[in-house]
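# Report on the structure
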Amino acid sequence: MIGVKLRYNVRVYPSASQCRDLARAFECARVVWNDALRLCLDAYGKGLPRPKAAELSKRVITEAKKTSERVWLGEVSAVVLQQSLRDLESAYSNFFASKNGTRLGPAMGPPKTKKKIARQAVRFTANARWSITEGGS
């Protein structure tokens, strides 16, 4: 039996403070993606294997939170940061599968640096400690 995955698309109208919190989450996810991508590209440039997800998580999240330059990563849910790394891993998997001819569908290019644009997204999982309430808070 094939497992069923559910996904909900929700339109929200956040308050000013919620907008600030979301903007912080978007920025943190973007920075984690770009830092991890930079480590992967550096490893590739040196002829080393791509760092594993656990090593990336340790370096760009856990250790980065301890530095003065990235201490603000601790202000958002770790789930958002972990999902950003999972998305990068998925992008690399799709790229290599496309390159090897094992991926169905259009050819995929390598992952690119994320820029600050109008359309931003983060993914929350069930254990991200968030909820939608009727009152909107």
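A brief structural summary. (Residues numbered from 1 in each chain as written. Predicted model: local features only at pLDDT ≥ 70, side-chain atom pairs only at ≥ 80, totals over all residues. Heavy atoms only, no water.)

## Thoughts on the side chain of Ser84
Relative to the helices and strands, Ser84 is located in helix 3 (residues 78–100). In this view, Ser84 contacts Ala29, Val32 and Trp33; residues no more than four positions away in its chain are not counted. (Helix = DSSP H or I, 4+ residues; strand = E, 2+ residues; numbered from the N terminus. Contact = heavy atoms within 4.5 Å.)

## Examining helix 2 (residues 53–65)
Taking 1.5 Å of rise per residue, the 13 residues of helix 2 would be expected to cover 18 Å, and the 17 Å separating its terminal C-alpha atoms lies within 8% of that figure. Roughly 25° is the biggest bend found in helix 2, and it falls at Arg59. Structurally, helix 2 contributes buried residues whose contacts are with helix 1 (16–45) and helix 3. (Expected span 1.5 Å × (residues − 1). Bend = angle between axes of the 7 residues up to and from the residue.)

## Side note on helix 1
Helix length check: helix 1 (30 residues) gives 43 Å between terminal C-alpha atoms against 44 Å at 1.5 Å per residue, within 8%. Taken from the residues just after helix 1, Gly47 is the one with a positive phi, measuring 80°.

## Remarks on the nonpolar core
Membership of the largest hydrophobic core comes to 23 residues, with the highest contact counts inside it found for Val32, Val60, Leu81 and Leu85. Of all the elements in the fold, those that place two or more residues in this core are helix 1, helix 2 and helix 3. Among the elements that make up this core, the one with the highest residue count is helix 1 (ten residues). Those residues in contact with Val32 that lie beyond four places of it in its chain are Val60, Ile61, Leu73, Leu81, Ser84 and Leu85. (Core = buried A, V, L, I, M, F, W, Y, C linked by side-chain atoms within 4.5 Å. Buried < 20%, exposed > 50% of the residue type's maximum accessible area, 1.4 Å probe, protein only.)

## Comments concerning a nonpolar patch on the surface
Together, Val4, Leu6, Tyr8, Val10 and Val12 give the surface a local cluster of nonpolar side chains, amounting to about 610 Å² of exposed area. Summarising the element assignment, Val4 is placed in the segment before helix 1. Residue classification places Val4 among the exposed residues on the basis of a relative accessible area of 71%. (Patch = residues over 30% accessible without salt bridge, like charges linked within 9 Å, V, L, I, M, F, W, Y side chains within 5 Å. Areas by Shrake-Rupley, 256 points an atom, 1.4 Å probe, with all protein chains shown as cover. Salt bridge = Lys/Arg side-chain N within 4 Å of Asp/Glu carboxyl O.)

## Details of the side chain of Gln83
Tracing the backbone through its elements, the reader meets Gln83 in helix 3. Looking at Gln83, its side chain comes within polar contact range of the side chain of Arg86, at 3.0 Å. Non-local contacts of Gln83, meaning those with residues more than four positions away in its chain, are made with Arg123 and Thr125. (Polar contact = N/O pair within 3.5 Å; in protein donor to acceptor, adjacent residues only side chain to side chain.)

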